[in-house]
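Architecture at a glance
If you want the building blocks of each chain, they are given just below.
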Amino acid sequence: MSDKGEKGDEDVELTPEEEKKQRKTSWAKLRHVDSFNVEAGRILSALKSHNSKMGWTTTVSLAFQSIGVVYGDIGTSPLYTFAGIFPDGIDQPEHLLGALSLILYSIILMPFVKYTFVVLNANDNGEGGTFALYSLLCRHTKVSLLPNQQPEDRELSNYKLETPSSQMKRAHYIRGKLENSETVKVALFLFTVLGVSMVMGDGTLTPAMSVLSAVGGIESLGQDAVVWISVLILFILFYAQRFGTDKVGFSFAPILTLWFLLLVCIGFYNLNKYGWGVLRAFNPYYIVVYFRGRAHQAWISLGGVVLSTTGTEAMFADLGHFSVRAIQLSFSFVVLPALLVAYCGQAAYLTKNPNDVLDTFYKSVPGPIYWPTFVIAVLAAIIASQAMISGVFSIITQSLSVGCFPRVKVVHTSDKYEGQVYIPDLNYLIMILCILITVVFRSTDSIGHAYGIAVVAVMFISTSMVSLIMLVVWKTNIVLVILFFGVFAFIELTYLSSVLSKFVQGGYLPLAFSLVMMSIMAIWHYSFKKRYEFELNNKVSGDYIKKLARDPRINRVPGVGLFYSELVHGIPPIFPHFISSIPSVHSVLVFVSIKKLPICKIAPEERFLFRYVEPREYRMYRCIVRYGYMDVMGTTKEFEHQLLDHLKDFIRNEYFITQGGGLDETSGGESGQIQGVEEEIRFIERAMDEGIIYLLGETKVMARQNASIFKKVIVDYVYTFLRNNFRQGETEMMVPHTRLLRVGMTFEI
């Protein structure tokens, strides 16, 4: 029966009147469906989120991968934590219990309570990291420094976050303070950039330290051999990034899983052999005893306690490679129990062997499994580098969406799992920095002093920004916000004060690196913002377009012209310069603006936003193409096909709107309206057949003549150097060079 029906649908021929009526009905349906686009997107997004929670096969698979990517750093911290706390040996047994209590509660409070149950929920549609927090604030408050926000952006299905209506008055008050203060906006931006820079600094320190500590475990090797073997391993590790997080994760996960299993077995072995009395450290009273009478020494030793939480930020930074449920599952049921048992076992061993504190882990390993454990430990320490490398890739991808980093190539390495990216240029840059750090410092002593500063600084920045999100976005009760910020800020600032005391001994390294990265990102964002403001203030007026339409000297060239610009509010000022140089316009001209939004992904049906450029008969349109920072732009052919389809839908939709929401069958103008639609669409299709030319405006930015010397150096030299040595616009948009026409112009800002 169904086959007959299908065949019948194919064979039926409609009369001209029936075809016209069906086409009219389809236009009405178009507007009806468009009105549900936003709601449909929200439902699809909710279903996607729901499926990510309910699809346990995928969740378990991602949780297994996350063990090999996220937890290498924090998982290998038992190799050196006690040595960092007691570099001069253990004075009294009570001090050992106090140190163990600090370790246990640091792991329970920061990675487990704070990150697993609070910070992970502040994700940006599945993406984590400092810029994910900033993007949430930019979407819900007008704190972005770029003046390219549009009301239509807030109608995107993934743009808005539904929040409770309680605490609304307080949230509006805080939001008003943020939006009305330019100083607060700049401070928030710099705070975010500092956090990103610290994560990148951590990403360069982690591989160098983990590999050096792993290879240096063989005492028979000389220091030169240790350094050059470390360099070789680093090269192989960074080369493997090109295969993607998916393959790297599945390759590393079995090794890290075996490593955590060894930690549990060795921990229980030592507890059973040397006594279970160290479990008294779960009583926080021993922390008070630890500080009593030796406050200064205990405060200094907090820099060693921090080592037990290194790699915590990777749980949030790497979230885009996995999912919230996968990270929660793997940490709660694998990583956390293994770490707690491992540290308790080491403390039990040290109660009987306090002189072995500088090499606690290897000394506590039972003899029969020493060498297998050593091999797994070396591999695990090498794998520890993967966590922060993946996190850096995710964060830089996010920073591109808010104009905070020069253009770089972003490769999406997995069709199955969204958010798994690889940035070749950045990968090789970090590799070079890691190798330089390894060759110059040659040991983990100085690198270890720098390690804690980057870790704790990022933690405090995350605490501050999540607290702001709780106030403005989530509208959480003020008492809970104060409790959250007060507890964790006190802990992290205490740790930060301790690690900063070792600034001279190597702590300057992450701060120096962060200063360089902050300068690059701030200079790029400042120049980008000033260039956009210049274009916005000098955009082409409607009168110019009307005069252009009536000018007989302007030739209409067959084909479609796509005029690219970053300006989303009007026609860019470079267009009149183009007309004065080449007095001709394509028969169909589309002003295309590629707009990156601080949002993970945008539904394809919501990506294109069209407007007419009056007068309509001149066949000129404005098109804003919106991308999230995890969207793939696709090939040129795919883009052209999508643009043409959405342009046709826009034309039909606009004709429908001009009829007041419907067409009256008795209306005498019905036939003319239908013919007008079809004529315009056929005209565009003929122009497409003639060919598409890409018109790219290249704007050189220079400081004004009366600008300060500092501004001239920043804009004329540093920004120009970055712009010339990173990816160009046509490369990012994959514009074919055979169909590219460049137009140059200089702006003074």
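Up top you'll find the structure we're talking about.
Residues numbered from 1 in each chain as written. Predicted model: local features only at pLDDT ≥ 70, side-chain atom pairs only at ≥ 80, totals over all residues. Heavy atoms only, no water.

With respect to the sheet that holds strand β6 (residues 620–627)
Our working definition: Two strands are counted as paired when DSSP detects at least two bridges linking them. For helices the rule is a DSSP run of H or I covering at least 4 residues; for strands it is a run of E covering at least 2, with both sets numbered from the N terminus onward. Between N-to-C directions, angles cover 0 to 180 degrees, with each direction set by a line fitted to C-alpha atoms, over the stretch in contact for helices.
One open sheet holds the six strands; their spatial order is β5-β6-β4-β3-β7-β8, and the pairing between them is mixed. One side of each edge strand has no neighbouring strand; the edge strands of this open sheet are β5 (608–612) and β8 (740–748). Going across the sheet, the axis of each strand differs from the next one's by a mean of 25°, ignoring polarity. Sheet analysis places strand β7 (residues 692–702) next to β8, joined by nine bridges and oriented parallel. If you follow E698 over to β8, its bridge partner there is G744.

Things to note about helix α7 (residues 93–117)
Definition in use: The length a helix should cover is 1.5 Å for every residue beyond the first. Note on classification: 1.4 Å probe, protein chains only; a residue is buried when its accessible area is under 20% of the maximum for its type, exposed when over 50%, partly exposed between these limits.
Look at α7: 34 Å from first C-alpha to last across 25 residues, which is about the 36 Å you get at 1.5 Å a residue. Judged by how many residues are buried, α7 sits mostly within the fold: 18 of 25 residues are covered.

Quick look at unusual backbone geometry
Although it is not a glycine, K475 sits at a positive phi angle of roughly 55°. Its place among the elements puts K475 in the loop between α20 (444–472) and α21 (478–500). A relative accessible area of 12% means that K475 is categorised as buried. Residues other than glycine seldom take positive phi values, yet R619 does so here, at roughly 60°. With respect to the helices and strands, the residue R619 is situated in the loop between β5 and β6.

Examining the pattern of salt bridges
In plain terms, the rule: Basic side-chain nitrogens of Lys or Arg form a salt bridge, by our definition, when they fall within 4 Å of a carboxyl oxygen of Asp or Glu.
Counted under the stated rule, the structure contains seven salt bridges. Here E492 and K114 are joined by a salt bridge, their closest N and O atoms 2.6 Å apart. Here K114 lies in helix α7 and E492 lies in helix α21, a separation of 378 residues in the sequence. K114 carries the same exposure label as E492, and that label is buried. Taking the shortest distance from any N to any O, the salt bridge between K648 and E685 comes out at 2.6 Å. With a gap of 37 residues between them, K648 in helix α25 (residues 636–658) and E685 in helix α26 (residues 670–690) connect regions that are remote in the sequence. For E685, a relative accessible area of 30% corresponds to the partly exposed category. Counted as one network, the salt bridges with shared partners bring together K529, K530 and E533.

A closer look at the packing of helix α14 (residues 295–305) against α21
What counts is decided by this rule: Angle categories are assigned with fixed cut-offs, so that under 35 degrees is roughly parallel, over 145 is roughly antiparallel, 65 to 115 is roughly perpendicular, and the rest are oblique. Any two residues whose heavy atoms approach within 4.5 Å are treated as being in contact. Residue polarity follows a fixed list, in which Ala, Val, Leu, Ile, Met, Phe, Trp, Tyr, Cys and Pro are nonpolar, Asp, Glu, Lys and Arg are charged, and the others, Gly among them, are polar.
With their axes 8 Å apart at the nearest point, α14 and α21 run at an angle of 95° to one another. By the angle between their directions, the pair α14 and α21 is classed as roughly perpendicular. Judged by residue contacts, W299, I300, L302, G303 and V305 of α14 engage T494, Y495, S497, S498 and V499 from α21. Within the contact of α14 with α21, the residues separate by chemical class into six nonpolar, four polar and no charged.

So, a nonpolar patch on the surface
The condition that has to hold: A patch consists of residues exposed above 30% relative accessible area that lack any salt bridge, with like charges linked at up to 9 Å and nonpolar side chains (Val, Leu, Ile, Met, Phe, Trp, Tyr) linked at up to 5 Å. In these tables, accessible area is a Shrake-Rupley quantity obtained with a 1.4 Å probe, and a residue counts as shielded only by the protein chains included in the view.
Together, L232, F235, I236 and Y239 make up a nonpolar patch on the protein surface, roughly 410 Å² of accessible area in all. When you line up the elements, I236 lands in helix α11 (residues 223–239).

Focus: the pairing of strand β3 (residues 555–565)
Put simply, the rule is: Crossovers are described as right-handed under a simple rule: with the strands pointing away from the observer, the path leading from the first strand over the helix to the second runs clockwise.
By the bridge criterion, nine bridges tie β3 to strand β4 (residues 584–596) in an arrangement that is parallel. Directly across from N555, in β4, lies its bridge partner S584. A crossover connection joins β3 to the parallel β4 through helix α24 (residues 574–581); in handedness this β-α-β unit is right-handed. Bridge analysis of β3 against β7 gives five bridges, and the strand direction is parallel. Bridge pairing in β7 links Y564 to L696.

Quick notes on the side chain of E640
Put simply, the test is: Under this definition, polar contacts are N or O atom pairs within 3.5 Å; protein pairs additionally need one hydrogen-donor-capable and one acceptor-capable atom, and for neighbouring residues in sequence, both atoms have to be side-chain atoms.
Within the secondary structure, E640 sits in helix α25. You can call E640 buried: its relative accessible area is 13%. Of note is the side chain of E640, whose polar atom sits 2.9 Å from the side chain of R739.

Describing helix α4 (residues 56–69)
Between its first and last C-alpha atoms α4 spans 20 Å; for 14 residues at 1.5 Å apiece the expected length is 20 Å, and the two agree. T59, S61, L62, A63, Q65, S66, I67, G68 and V69 are the residues of α4 that are buried.

Some thoughts on the packing of aromatic side chains
Formally: Any Phe, Tyr or Trp ring, taking Trp's six-membered ring, that has another such ring centre within 6.5 Å forms a pair; planes under 30 degrees apart are called stacked, those over 60 apart edge-to-face, and the others tilted. Remark: a charge is flagged as sitting over a ring if the NZ atom of Lys or the CZ atom of Arg is within 6 Å of the ring centre and within 35 degrees of the ring normal.
Enumeration over the complete set of coordinates arrives at 28 aromatic pairs. Both rings, one in F112 and one in F331, keep their centres 6.3 Å apart while their planes meet at 25°; by these two values the pair is stacked. Of the two residues, F112 is situated in helix α7 and F331 in helix α16 (residues 324–352); the sequence distance between them amounts to 219 residues. An identical accessibility class is assigned to F112 and F331; each is buried. Between F563 and F578, the aromatic rings sit 5.8 Å apart at their centres with planes inclined by 75°, giving edge-to-face as the arrangement. Separated by 15 residues along the polypeptide, F563 in strand β3 and F578 in helix α24 bring together distant segments of the chain. Both residues of the pair, F563 and F578, count as buried. Stacked on the ring of Y618, the Lys or Arg R556 has its end atom at 4.2 Å from the ring centre. Taking the ring centre of F683 as reference, the NZ or CZ of R619 above it sits at 4.8 Å.

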